[in-house]
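Chain by chain, the residues run as shown.
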Amino acid sequence: MCCWCFVPVAGLCPQGAYGVRDSLRSGFSSVKNELLPSHPLELSEKNFQLNKDKMNFSTLRNIQGLHAPLKLQMEYRAARQIQRLPFLQSSNLALDTLRGSDEAIGFEDVLSDPAQCEMMGEPHMMVEYKLGLL
Amino acid sequence: VNSRHSVERRDPCRKYLLSTKHISVINDKRNVVLESSLSELGYKAPIARKTGTTIAGIVYKDGVILGADTRATDDMVVADKNCMKIHYIAPNIYCCGAGVAADAEITTQIMASNVELHTLNTGRPPLVAMVTRQLKQMLFRYQGHVGSSLIVGGVDVTGAHLFSVYPHGSYDKLPFLTMGSGAAAAVSIFEDRFKPNMELEEAKQLVNDAIAAGIFCDLGSGSNVDLCVITEAGVEYLRGYDKPTMKGKREGQYRYKPGTTAILTKTITPLSLDVVDESVQIMDTE
């Protein structure tokens with residue numbers, strides 16, 4: 001087991017009110033379900049973008065030297081900071097343009113669009129957290 | 001308690017601050033629990049509708065001919081008697097889809113959008129190899145869970161090409177290809193009668209016969225034959241090119257005329273009945 005991936009353990013800090021598990025919001029409880037991924041592709045999909053970027057950057061480093069991925073990562077970091085208010089979905093236009101994903105359509109554009117998520121964060125709390133008042 | 005974990009516990013809005021778009025699997029655990037409880041009660045969970053198909057393609061003298069049957073099945077029931085399995089990807093590239101119907105449909109639509117964006121970006125007409133490459137990369141990424149097998153055919157600046165892509169992401173480039181549950185029946189016709197550089201009519205007849213073989217010899221394929229002829233000049237989409245399973249018209253009357261059979265002897269036995277009881281009930285007819 002790698003020491004830098006954190007495995008959330010069920011039962012220690014339940015997410016519901018009064019410290020009891022909220023089955024309506026978080027689903028059925030089972031220790032096995034929380035420890036292991038339920039879908040064979042869950043882990044690979046969660047890390048897909050990350051792994052793709054890592055591979056591209058390492059190839060770029062091998063071809064053009066260290067400065068190329070460094071400069072690109074600096075631009076990525078800058079683009080990632082352009083966000084709307086915390087509870088609103090950002091378009092990430094600059095980030096998409098850098099990545100090249102503004103020219104491609106995949107399942108992530110069609111399915112489970114975060115802009116149409118049924119859950120919404122509490123706006124006041126989120127802004128207070130962002131401003132450091134919470 | 002490590003610091004990252006405690007931040008996550010304290011901060012309910014972290015999820016929204018860093019939300020990246022990916023396919024969510026939050027319902028997967030619920031599905032697993034539901035399926036196990038359903039099977040305990042003896043019920044089966046609903047499965048995705050497959051097309052149970054015969055699709056085929058050949059390269060002939062002037063281009064590519066794609067063919068498909070038109071039946072979509074829901075397990076053992078015909079869900080759609082006349083569905084379209086030849087999908088548009090680009091003005092010069094079409095794609096036949098087999099496997100799970102929704103997966104094939106959405107995959108080809110996403111491909112069509114990507115090809116259009118790519119064309120607008122590069123300013124060049126698309127290549128069949130480009131469509132195949134994007135398809136195989138996407139299907140490999142999902143490790144076969146997107147259950148669509150596709151035959152991509154088209155004519156681009158480099159010539160006429162025909163590729164088949166399997167659900168796990170492998171592909172073949174051949175002069176004739178068949179996919180789907182009726183592939184074995186269709187490929188037997190191709191193996192027997194295919195020649196390189198056939199003429200248009202001969203090639204159309206060959207693909208028609210191959211799909212008809214799939215329709216008659218495979219339970220998952222049926223109804224009509226659709227053809228799509230792609231050449232450098234353009235595309236001819238022949239929907240319902242042939243209807244081999246259409247019932248014939250009855251030529252005449254097949255009932256026997258009364259008196260056809262001669263009566264040799266006749267015996268009458270009267271059944272004598274006695275009236276035992278008589279009761280009258282008045283009906284309310286108003």
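Each value, and the rule that gives it
Residues numbered from 1 in each chain as written. Chains lettered and ligands numbered in written order. Predicted model: local features only at pLDDT ≥ 70, side-chain atom pairs only at ≥ 80, totals over all residues. Heavy atoms only, no water. UniProt positions renumbered as here; feature names shortened; annotations may be inferred. Axes fitted to C-alpha atoms, helices over the stretch in contact; angles between N-to-C directions. Helix = DSSP H or I, 4+ residues; strand = E, 2+ residues; numbered from the N terminus. Left-handed = near helix turned anticlockwise from the far one by under 90°. Contact = heavy atoms within 4.5 Å. Nonpolar A, V, L, I, M, F, W, Y, C, P; charged D, E, K, R; others polar. Buried < 20%, exposed > 50% of the residue type's maximum accessible area, 1.4 Å probe, protein only. Salt bridge = Lys/Arg side-chain N within 4 Å of Asp/Glu carboxyl O.

- Where an unreviewed UniProt entry is consulted, chain B appears under the name Proteasome subunit beta, with the organism given as Dicentrarchus labrax.
- In UniProt, chain B has this text filed under Function (unreviewed entry): "Component of the proteasome, a multicatalytic proteinase complex which is characterized by its ability to cleave peptides with Arg, Phe, Tyr, Leu, and Glu adjacent to the leaving group at neutral or slightly basic pH. The proteasome has an ATP-dependent proteolytic activity."
- As its UniProt record puts it under Subunit (unreviewed entry), chain B is described as follows: "Component of the proteasome complex."

- As named in an unreviewed UniProt entry, chain A is Proteasome maturation protein, taken from Dicentrarchus labrax.
- What the UniProt record of chain A gives under Sequence similarities (unreviewed entry) is the line "Belongs to the POMP/UMP1 family."

A short note on the packing of helix H6 (residues 183–193) of chain B against helix H7 (residues 200–217) of chain B
Residue and element names in this part refer to chain B.
Alright, step 1. The contact between H6 and H7 brings their axes to 7 Å, and the two run at 145 degrees. Viewed along their axes, H6 and H7 form a crossing whose handedness is right-handed. Facing Ala185, Ala186, Ile189, Phe190 and Arg193 of H6, the residues of H7 in contact are Gln205, Leu206, Val207, Asp209, Ala210, Ala213, Gly214 and Cys217.
Alright, step 2. Per-class residue counts for the contact of H6 with H7 are nine nonpolar, two polar and two charged.

Considering unusual backbone geometry
Alright, step 1. Located in the positive-phi region is Asn92 of chain A, a residue other than glycine, with phi close to 55 degrees.
Alright, step 2. Following the sequence through the fold, Asn92 of chain A ends up in the loop between helix H5 (67–80) and helix H6 (93–99).
Alright, step 3. For Asn92 of chain A, a relative accessible area of 21% puts it in the partly exposed group.
Alright, step 4. A positive phi angle, close to 50 degrees, is found at Gln143 of chain B, a residue other than glycine.
Alright, step 5. Considering the arrangement of structural elements, one finds Gln143 of chain B in the loop between helix H5 (128–141) and strand S7 (148–156).

Digging into the pattern of salt bridges
Alright, step 1. Within this structure, the stated rule accounts for eight salt bridges over all chains.
Alright, step 2. Its salt-bridge partner being Arg141 of chain B, residue Glu45 of chain A comes within 2.9 Å of it at the nearest N-O pair. Remark: Arg141 of chain B occurs in helix H5 and Glu45 of chain A occurs in helix H3 (residues 42–46); the pair is interchain, linking two chains.
Alright, step 3. Among the residues examined, Glu45 of chain A registers a relative accessible area of 9% and is labelled buried.
Alright, step 4. On the accessibility criterion, Arg141 of chain B (21% relative accessible area) is partly exposed.
Alright, step 5. Put simply, Glu201 of chain B and Lys204 of chain B hold a salt bridge, and the shortest N to O gap is 3.8 Å. Taken as a pair, Glu201 of chain B and Lys204 of chain B lie in helix H7 at a separation of three residues, close to a single helical turn.
Alright, step 6. Of the residues examined, Lys204 of chain B reaches a relative accessible area of 8% and is grouped as buried.

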